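Each chain is listed here by its residues.
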Amino acid sequence: MALVLFIALALWLIGMVMKAPVSARLTMIGALYVGVLIAVSILPDDNSLRQILGGDLRSWALLGGAIALIATYRMGLKHLRLRALQNQPEQPENHTKAPFSDVELERYMRHITLREIGGPGQRKLKDARVLVIGAGGLGAPVLQYLAASGVGTIGVIDDDVVDASNLQRQVIHIDTSQDLPKVFSAEKAMRAQNPFITVKPYHRRFDETCTDLVGEYDLIIDGSDNFDTRYLVNATCAAAQKPLLSAAITQWEGQISLYDTVQKTPCYQCVFPTRPADGMVPSCAEAGVAAPLPGVLGTMLAMEAVKHITGAGVGLGGRLMIYDALYAETRVIKVKKRDDCPICGG
């Protein structure tokens with residue numbers, strides 16, 4: 001019996017070295033066990049191989065029964081844990097009542113095992129509705145990671161189409177998507193990434209008529225590339241009392257903050273009270289931008305969105321994070337409400 005156990009251990013270790021799935025390693029050991037049972041059952045009592053294998057069918061059956069009992073116990077515990085996660089009490093604001101499927105639980109297990117997120121946090125992500133403004137450099141990683149994280153409903157609004165010059169940094173789009181509206185290109189990639197989410201594309205510009213649209217979502221993320229849109233998004237979110245995550249980039253630098261007037265944080269216009277003069281802040285098309293920079297800031301936006309939705313950690317409300325890629329420096333400065341702010345003052 002010792003020889004067989006040694007062979008089983010060797011098979012397991014070889015499988016680990018070859019990075020074989022646990023199921024494949026268990027299958028190999030199971031096949032070895034079945035082969036031993038057959039050999040012990042059919043070989044004569046005085047056969048040398050049967051003697052090496054232990055010679056007694058009952059001992060092998062007892063060993064197999066003990067292993068099966070332990071495996072059944074572990075499977076039962078896993079099933080109870082998954083049921084507990086599925087049966088988390090629903091919050092009044094939940095939009096989606098369907099429980100997690102086994103496939104979803106496996107997909108999101110790395111979130112579920114995080115103490116700060118867990119099953120209840122993943123439930124909040126599934127029930128969340130997030131609107132992303134812009135499917136370009138910042139929007140690309142935001143949309144990808146919101147989809148991967150399991151945010152249940154993701155809206156994306158953008159009036160632009162995919163151009164060759166976008167592909168250097170807008171990583172959600174591919175070469176064959178050129179001339180396709182960005183919202184539909186992004187939708188295709190997000191659905192391919194995660195079929196368990198709902199994607200709502202809006203092929204239009206964000207303007208004054210979008211008030212009702214903002215009201216349909218729990219969190220707004222602004223990845224637009226111009227000041228007019230940023231100020232309009234801020235005013236719309238403040239009026240609708242919706243939290244706003246906003247980031248901006250230029251050349252080698254980016255900034256990000258959370259503007260949530262319901263929680264008494266400053267709004268975007270508190271921090272940036274007036275638009276820069278024309279030509280003072282050139283666009284990415286005029287000044288250029290390092291390709292990974294929007295990926296860094298966009299991923300930060302997605303991270304802050306996950307934290308905001310699940311309640312994990314400390315967010316960026318009342319703080320502005322500035323990232324300088326050229327010198328590998330990150331600074332966080334406090335920002336305050338302005339009493340004379342035309343959007344949230346008074």
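Report on the accompanying structure. Just so you know, these numbers come straight off a predicted model, no measurement behind them. (Residues numbered from 1 in each chain as written. Predicted model: local features only at pLDDT ≥ 70, side-chain atom pairs only at ≥ 80, totals over all residues. Heavy atoms only, no water.)

What follows concerns the sheet that holds strand 2 (residues 153-157). On the basis of which strands lie adjacent, the open sheet formed by 8 strands has the order 3-2-1-4-5-6-7-8 and mixed pairing. Strand pairing shows two members of the sheet lacking a second neighbour, strand 3 (198-202) and strand 8 (329-334), which therefore form its edges. For this sheet, the mean angle separating the axes of adjacent strands, direction not counted, is 15°. In the sheet, strand 5 (residues 244-250) pairs with strand 6 (residues 253-259) via 7 bridges, with the strands oriented antiparallel. Residue S246 lies in a different strand from strand 6, and its bridge partner there is S257. On the sheet, helix 11 (residues 227-240) packs against strand 1 (129-133), strand 4 (219-222) and strand 5 and is oriented at approximately 170° with respect to strand 5. (Pairing = 2+ DSSP bridges. Helix = DSSP H or I, 4+ residues; strand = E, 2+ residues; numbered from the N terminus. Axes fitted to C-alpha atoms, helices over the stretch in contact; angles between N-to-C directions. Contact = heavy atoms within 4.5 Å.)

Let us now look at the nonpolar core. Core analysis: the biggest nonpolar cluster contains 39 residues, and L143, L146, I154, M190 and I221 have the highest contact counts within it. Considering every element that reaches this core, the biggest residue donor is helix 14 (residues 292-310), with 6 residues. Here I221 is in contact with V130, L131, V132, I133, V142, L146, L245, L301 and A305, once residues within four sequence places are set aside. Counting 21 residues, the second largest nonpolar core, distinct from the first, contains I133, F206, C237 and L244. (Core = buried A, V, L, I, M, F, W, Y, C linked by side-chain atoms within 4.5 Å. Buried < 20%, exposed > 50% of the residue type's maximum accessible area, 1.4 Å probe, protein only.)

This part covers the pairing of strand 5. In regular strands, side chains alternate between the two faces of the sheet. By the criterion of burial, strand 5 is predominantly enclosed, with 6 of the 7 residues buried. Across 3 bridges, the pairing between strand 4 and strand 5 is parallel. Within strand 5, the position partnered with I220 by the bridge is L244. Crossover connection from strand 4 via helix 11 to parallel strand 5: handedness right-handed. Where strand 5 folds back on strand 6, the antiparallel hairpin that results is connected by 2 residues, among which Q251 adopts a positive phi of roughly 55°. (Right-handed = clockwise from strand over helix to strand, strands pointing away.)

In this section: the side chain of D158. Tracing the backbone shows D158 in the loop between strand 2 and helix 9 (182-193). The buried charged residue D158 lacks any salt bridge partner; its closest oppositely charged side chain belongs to K182, at an N-O distance of 5.0 Å. At a separation of 2.8 Å, a polar atom in the side chain of D158 contacts the main-chain amide nitrogen of A135. A polar contact is formed between the side chain of D158 and the backbone nitrogen of D160, at a distance of 2.7 Å. Discounting chain neighbours no more than four positions away, the residues touching D158 are G134, A135, G136, K182, V183, Y202, H203 and R204. (Lys, Arg positive; Asp, Glu negative; His and termini not counted. Salt bridge = Lys/Arg side-chain N within 4 Å of Asp/Glu carboxyl O. Polar contact = N/O pair within 3.5 Å; in protein donor to acceptor, adjacent residues only side chain to side chain.)

So, on to the packing of helix 7 (residues 118-127) against helix 14. Closest axis-to-axis distance for the helix 7/helix 14 pair is 9 Å, and the angle between their directions is 110°. Regarding the angle of helix 7 to helix 14, the classification is roughly perpendicular. Packed against helix 7, whose contacting residues are G121, K124 and L125, the element helix 14 presents V306, I309 and T310 at the interface. Classifying every residue of the contact of helix 7 with helix 14 by side-chain character gives 3 nonpolar, 2 polar and 1 charged. (Parallel < 35°, antiparallel > 145°, perpendicular 65-115°, else oblique. Nonpolar A, V, L, I, M, F, W, Y, C, P; charged D, E, K, R; others polar.)

Axis separation between helix 8 (residues 139-149) and helix 14 bottoms out at 8 Å; the angle between their running directions is 35°. Judged by the twist between their axes, the crossing of helix 8 over helix 14 is right-handed. Contacts between helix 8 and helix 14 involve P141, V142, Y145, L146 and S149 on the former and, on the latter, P294, G295, G298, T299, L301, A302, A305 and V306. Class assignment of the residues belonging to the contact of helix 8 with helix 14 gives a composition of 9 nonpolar, 4 polar and no charged. (Left-handed = near helix turned anticlockwise from the far one by under 90°.)

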